[in-house]
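Listed below are the residues making up each chain.
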Amino acid sequence: MRTNRILVLAVSLFMLTMAAGSAVMAETITVAVGGWAVEDTKRAVEELGFTEKTGITVEVVTRPGAAPDFLSQMTSAVMAGTSPYDVIAVEDETAISMSRAGWLVPLNDLYDDEFWDDWPEAMLDMIEVWNMYNGELYRIPHNYEAQYFWYRKDILDEMGLEVPQTWEEIINVGKQVTGDGVWGISDGLAKGAYLMVNLGYWTLQAGGNPFDVGDELRTALQFLHDMMYEHKIFPVAALNRDFDALNQDYMNDRVVMMRQWPYFYDVSRSDPDWFKEDKVAIALPPAGPGGRATYAAAWGWSIPKTSQKIDAAKTFIEFMTSIENAPKLAEMSVWWLSARHSVLEHIGDRGIAEFMAMYSDAEVIKTRPFHPKFLEAGTVLEDIASAYLTNQISLDEAMDRAQQRIGDL
């Protein structure tokens, strides 16, 4: 009887040990990405063999897409000392808010000098401004989304016109192509982050940061206003349009030039009946008073400090951003594309990478205009710029209000 009890106890202990060992080997982390990136992320984990190589399984889930909604969710979780996610894909503005709130785990220990040598100077500048705080790295970008200057080469060629190289040439060309429901140039300028993107773009070309509320912002606002009302080459209705509406205008032959994110490369090819290469040509950004300039935004990986699986989360991030795997990921999807040396060397001139390399080589990709309270400051500038661009206030009034309200932040 005693022997049987000992045997039963031994078997029970063995089974508990095996179960514990299996639990360790089968550790699962939850990775949260935007809805558009779920399938790409699942594919990447599977094709790179992450689980086989690390023993860590990955559940990919959808996070709230809008930054305010995501921040609200994470605020509740952090205050409760929990986290629904172990790894999160975060945009620029979310990274700023969460790092300053002390909600993220530093990632400095994951990377050495060899890793950083793979990054061009422009991306290192972005890292310093948007991904570090008090000397700690809180987010590592996995993509690098530069804004491009798109134009209808077919239309310009037919009219014997050259692609604009300066602001003045935008106006000259715009006047010649505008008419019969066609606009020389447009953008999505609706409030809610769309208008702020455009303000940052033109103010950089004017030579400054819109959040400084200096002469460069004044110059950019005046230029936008002049294109709308004096030269009539830019639709005032753009103030009610988002980027999807801009894409539709362009693909319905109502716009000849535009500033747009790289995802339009795939959007434009979704309609084979409309698409031709010379309808979606890309040129370097025209030079304003401050020279040629655009900027890149980024998404990147971070770890909430309330995750219970920080070591496994770090393993995932290190694996997905390594010099070995970053080029393979970029080959799978533009979602993983960046200007890292290893990536561009591997991808070559395939797809939008050709133009990222062109922009990178020309050194026109600048650091995105920064403010430590980016969401709040952006809302301020959008409200004031919209009022000016709809002739509710003068430019002087707009600048005075912007200086006061940004100063109050």
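Anything mentioned here points back to the structure above.
Residues numbered from 1 in each chain as written. Predicted model: local features only at pLDDT ≥ 70, side-chain atom pairs only at ≥ 80, totals over all residues. Heavy atoms only, no water.

J.: Break down the packing of helix 18 (residues 374-389) against helix 19 (residues 395-408) for me, citing the residues and quoting the values.
T.: Where helix 18 contacts helix 19, the axes come no closer than 9 Å and their chain directions differ by 165°. The orientation of helix 18 with respect to helix 19, classified from their angle, is roughly antiparallel. When the axes of helix 18 and helix 19 are compared, the crossing they make is right-handed. Counting all contacts with helix 18, which are made through Ala377, Val380, Leu381, Asp383, Ile384 and Tyr388, the residues of helix 19 involved are Leu395, Ala398, Arg401, Ala402, Arg405 and Ile406. Classifying every residue of the contact of helix 18 with helix 19 gives nine nonpolar, no polar and three charged. (Axes fitted to C-alpha atoms, helices over the stretch in contact; angles between N-to-C directions. Helix = DSSP H or I, 4+ residues; strand = E, 2+ residues; numbered from the N terminus. Parallel < 35°, antiparallel > 145°, perpendicular 65-115°, else oblique. Left-handed = near helix turned anticlockwise from the far one by under 90°. Contact = heavy atoms within 4.5 Å. Nonpolar A, V, L, I, M, F, W, Y, C, P; charged D, E, K, R; others polar.)

J.: How would you sum up the sheet that holds strand 11 (residues 281-283)? Please name residues and give values.
T.: One open sheet accounts for four strands, arranged 9-10-8-11; its pairing is mixed. Of all the strands in the sheet, just strand 9 (183-186) and strand 11 have a single pairing partner and so form its edges. Ignoring which end each strand starts from, the neighbouring axes of this sheet average 25° apart. Bridging between strand 8 (residues 148-151) and strand 11 involves three bridges; their strand directions are antiparallel. Paired with Trp150 across the strands is Ile282, a residue of strand 11. Packed onto the sheet, helix 9 (residues 167-177) meets strand 9 and strand 10 (255-260) and runs at close to 140° relative to strand 10. Packed onto the sheet, helix 12 (residues 243-251) meets strand 8, strand 9 and strand 10 and runs at close to 150° relative to strand 10. (Pairing = 2+ DSSP bridges.)

J.: Any chance you could break down the nonpolar core for me, citing the residues and the numbers?
T.: It is characteristic of soluble globular proteins that their nonpolar side chains tend to be buried jointly. Core analysis: the biggest nonpolar cluster contains 122 residues, and Trp150, Trp202, Trp301, Phe316 and Ile317 have the highest contact counts within it. Counting residues per element, this core draws most heavily on helix 18, which supplies nine residues. Those residues in contact with Trp202, other than ones at most four positions away along the chain, are Trp167, Ile170, Ile185, Ala220, Phe223, Leu224 and Met227. Core analysis: the next-biggest nonpolar cluster, separate from the first, contains 14 residues, Val61, Leu71, Val78 and Met98 among them. (Core = buried A, V, L, I, M, F, W, Y, C linked by side-chain atoms within 4.5 Å. Buried < 20%, exposed > 50% of the residue type's maximum accessible area, 1.4 Å probe, protein only.)

J.: Can you break down the environment of Met258 residue by residue, with the values?
T.: Residue position: Met258 is located in strand 10. For the pair Met258 and Asn247, spaced eleven residues apart in sequence, the C-alpha to C-alpha distance is 9.3 Å. In contact with Met258, other than residues within four places in its own chain, are Tyr148, Phe149, Trp150, Ile185, Ser186, Leu246, Asn247, Tyr250 and Phe264.

J.: Kindly report on the packing of helix 10 (residues 194-206) against helix 18, identifying the contributing residues and their values.
T.: Running from amino to carboxyl end, helix 10 crosses helix 18 at an angle of 85°, the nearest separation of the two axes being 9 Å. By the angle class used here, helix 10 and helix 18 are roughly perpendicular. Residue-level contacts link Tyr194, Leu195, Met196 and Leu199 of helix 10 to Gly378, Leu381, Glu382, Ala385, Ser386 and Leu389 of helix 18. Its residues placed into classes, the contact of helix 10 with helix 18 shows seven nonpolar, two polar and one charged.

J.: Explain the sheet that holds strand 12 (residues 294-297) to me, and be specific about the residues and the numbers.
T.: One open sheet holds the three strands; their spatial order is 7-12-14, and the pairing between them is mixed. Of all strands in the sheet, those with a lone pairing partner are strand 7 (145-146) and strand 14 (365-367), marking the two edges. Pairing of strand 12 with strand 14 involves three bridges; the strand directions are parallel. Bridging across to strand 14, Tyr295 finds its partner in Lys366.

J.: Break down the environment of Pro262 for me, with residues and values.
T.: As for its position among the elements, Pro262 is in the loop between strand 10 and helix 13 (264-268). Between the C-alpha atom of Pro262 and that of Glu376, which follows or precedes it by 114 residues, the distance is 26 Å. For Pro262, the residues in contact, after removing those within four places along its chain, are Glu145, Ala146, Tyr148, Trp150 and Ile352.

J.: Could you give an account of the side chain of Glu382, with specific residues and numbers?
T.: Residue placement: Glu382 occurs in helix 18. For the buried Glu382, no salt bridge is present, and the opposite-charge side chain at shortest range is Lys191, 7.1 Å distant. If we ignore the near neighbours within four places in the chain, the residues touching Glu382 are Ala190, Lys191, Gly192, Ala193, Tyr194, Leu195 and Met196. (Lys, Arg positive; Asp, Glu negative; His and termini not counted. Salt bridge = Lys/Arg side-chain N within 4 Å of Asp/Glu carboxyl O.)

J.: Describe unusual backbone geometry, listing the residues and the values that go with them.
T.: In this model, Ala193 sits at a positive phi of 95°, which is unusual for a non-glycine residue. The residue Ala193 is located in the loop between strand 9 and helix 10 in this model. One non-glycine residue, Glu363, lies in the positive phi region at around 60°. In this structure Glu363 comes out as exposed when scored by relative accessible area, which is 62%.

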